[in-house]
Amino acid sequence: MSKQIDVKDLNIYYGDFLAVQDVSTTIAPRSITALIGPSGCGKSTFLRALNRMHEVIPGAKVKGSVELDGQDMYGRGVDPVLVRRKVGMVFQKPNPFPTMSIKENVLAGVKLNNKRIKKSEAEELVESSLKGANLWNEVKDRLDKPGSGLSGGQQQRLCIARTIAVKPEVVLMDEPCSALDPISTLAVEDLMAELKNDYTIVIVTHNMQQAARVSDKTGFFNIEGTGKPGKLVEYDETSKIFNNPSEKATEDYISGRFG
Amino acid sequence: MSTSTQTREPAAAELTTGGRRFGDQIFRGLSTSAGLVILTALFLVAAFLLWQAWPALVADPADVRGGKGLVHYIAPLLVGTVMAALIALLTALPLSIGIALFISHYAPRRLASALGYLVDLLAAVPSVIFGLWGITVLGPGMIPVQGGLVDYLGWLPFFGGTSSPRSMLVTGLVLGIMILPIMTAVNREVFLQTPRLHEEASLALGATRWEMIKQAVFPFGKSGIISGAMLGLGRALGETMAVAIILSPSVRYTSVLNTSGNPGTIAADIALNFPESSGIDVNTLVASGLVLFFLTLVVNMFARWIVSRRSEFSGAN
């Protein structure tokens, strides 16, 4: 259920503009990897390239390879739709489908690609996914109510439930807590620690305390200046990055000297 | 702000405006009166229709045109109006959704904007042109098509007999083409406004583009699609010129659409007969106009009801 990601010489372009340059790294299965760095340094772009979501933006393209347990997801004939079923994504702003109930939201991904599932299986899946997202107890009595009626933190956990209902190998999270209050943030962080047992998790965050709290490894992205490409400056064990970074730029950033 | 602090006036002066802000008041007055003008106009039109139609409503059936009473005169026209408008809507709705989707989600950007202009241009063509085109080009061109429909779908109650270039089907199709631009324009705007967040949510779950459209674009755009359809339907119900030119009406009821045996529409009937009418005949025509007025009112209320039915799930909360 959990796979390793190998990134080799990844360059990401928006049209002719090089946004991320020469990233090579390995993300271990069953771990949480945090990506930190100042705004505009390319960490979200890099995250999106891990499930080909950057292709939604016109003109975006990549060079290099991203392998999922040895399978290149940019290889010839690879269907981005199938890549995204293996590599799920949770967004910055909670985005449950407003026209769907809580239950329908959880099943939204499962019912895609002409899949039919039995009613009993669907109910089991709804329950297990919502339990997996620590949301079951709060919503079990109102599964048919609209998902948009939940609080922000609950909506975000609903989105996580929707993502894990598809049973992906990897879950990408793009600043999943930046729109949440501290208590909801704690709930999502606790959830990440549990999800780590089954999934490879990559999270982009602006909150360095969060990166230090939840992640096993941390990558620091930086740009040298406006118009320059973002680079992965340092990638190491989280404790090393926050206590004894090898690079000067990393140390400056985590000690709050810039960014 | 004066230096004399003996009274409490100066301190308060900074925070009080004397209870009025001219800009706000002017704007409130303008928007309130704009709203009132609409209501008044609607009321005046309804009152005029009732007043002018009244003599026909109470007249002796034998005096009404056709000699069998008001209901006998208006009912076929009502049926004809609804038929033509329904054919138009059934043609234009899927087409407009398709074109709008192509422009908003499939076409390359340059082609999309060119196509958008083209559709807007179509909206600017006067209805009399559509009427002339319908009777000189589409009508004759539809003869073999209608013949084919009779041959292959003749078992349906809609096709049979001798096809006419001035049939209800041709009229409905021309109306459909006429209401296509407005519906396409509305749908395109609605589809373009689908929140990026919802589209990405769907794609990130592994949806294909079509599945994303079904999951994110259509649910978001549903009320807009219905509003656009109602705008189009309203125009089709009230369209006069094109129908008056194309349709060759009779006063029978039939479900067959490809012959010249269908009743006319209210709007076209008024336009064709009003110049030569006088006395009770004028009142009869106004009465049919009153029926058309209520029909569009009912259609609009029905549409609003559909839109509001699942407002809890609309995403507005």
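Note that the coordinates shown come from a computational prediction; the quantities given were computed from them, not determined experimentally. (Residues numbered from 1 in each chain as written. Chains lettered and ligands numbered in written order. Predicted model: local features only at pLDDT ≥ 70, side-chain atom pairs only at ≥ 80, totals over all residues. Heavy atoms only, no water.)

## Some details on the overall build of chain B
- Assigned secondary structure in chain B consists of eleven helices and zero strands.
- The order of helices and strands in chain B, counted from the N terminus, is α-α-α-α-α-α-α-α-α-α-α.
- A compact globule built from 317 residues would reach a C-alpha radius of gyration of about 20 Å, whereas chain B, at 26 Å, exceeds it by more than 25%.
- Projected onto the principal axes, the alpha-carbon positions of chain B cover approximately 95 × 60 × 35 Å. (Helix = DSSP H or I, 4+ residues; strand = E, 2+ residues; numbered from the N terminus. Rg over C-alpha atoms; globule rule 2.2 N^0.38 Å.)

## Some details on a nonpolar patch on the surface
Residue and element names in this part refer to chain B.
- A cluster of nonpolar side chains, Leu50, Trp54, Leu57 and Val58, forms an exposed patch at the surface whose accessible area comes to about 400 Å².
- Within the secondary structure, valine 58 is located in helix H2 (residues 22-58).
- Classification of valine 58 by relative accessible area gives exposed; the value is 51%. (Patch = residues over 30% accessible without salt bridge, like charges linked within 9 Å, V, L, I, M, F, W, Y side chains within 5 Å. Areas by Shrake-Rupley, 256 points an atom, 1.4 Å probe, with all protein chains shown as cover. Salt bridge = Lys/Arg side-chain N within 4 Å of Asp/Glu carboxyl O. Buried < 20%, exposed > 50% of the residue type's maximum accessible area, 1.4 Å probe, protein only.)

## Considerations on the UniProt feature "domain: ABC transmembrane type-1" (unreviewed entry) in chain B
- UniProt feature "domain: ABC transmembrane type-1" (unreviewed entry): in the numbering of this structure it lies at residues 78-303 of chain B.
- A helix fraction of 77% and a strand fraction of 0% characterise residues 78-303 of chain B, whose end C-alpha atoms lie 19 Å from each other. (UniProt positions renumbered as here; feature names shortened; annotations may be inferred.)

## A word on the interface of chain B and chain A
- Contacts between chain B and chain A engage 23 residues on the former and 32 residues on the latter.
- Approximately 2,300 Å² of surface area, both sides summed, lies buried where chain B meets chain A, with 62% of it carried by carbon and sulfur atoms.
- Connecting chain B to chain A are one salt bridge.
- At the level of elements, helix H7 (196-204) and helix H8 (209-238) of chain B are the ones that each hand at least two residues to the side of chain B that touches chain A.
- With eight residues, H7(B) is the largest single contributor of residues to the side of chain B that touches chain A.
- In terms of residue class, the side of chain B that touches chain A is made up of nine nonpolar, eight polar and six charged. (Contact = heavy atoms within 4.5 Å. Buried area = accessible area lost by both parts, 1.4 Å probe. Nonpolar A, V, L, I, M, F, W, Y, C, P; charged D, E, K, R; others polar.)

## Topic: the nonpolar core
- With 54 residues, the main nonpolar core has Met168(B), Val174(B), Leu233(B) and Leu237(B) as its most contacted residues.
- Secondary-structure elements contributing two or more residues to this core are H2, helix H3 (70-106), helix H5 (127-153), helix H6 (168-192), H8, helix H9 (241-246), helix H10 (266-273) and helix H11 (280-309) of chain B.
- For this core, the element with the highest residue contribution is H3(B), accounting for eleven residues.
- Leu237(B) has contacts with Thr81(B), Ala85(B), Ala267(B), Leu292(B), Leu295(B), Thr296(B) and Val299(B), leaving out every residue within four places of it along the chain.
- If you look at the next biggest cluster of nonpolar residues, it comprises 49 residues, including Val23(A), Phe91(A), Ile97(B) and Leu203(B). (Core = buried A, V, L, I, M, F, W, Y, C linked by side-chain atoms within 4.5 Å.)

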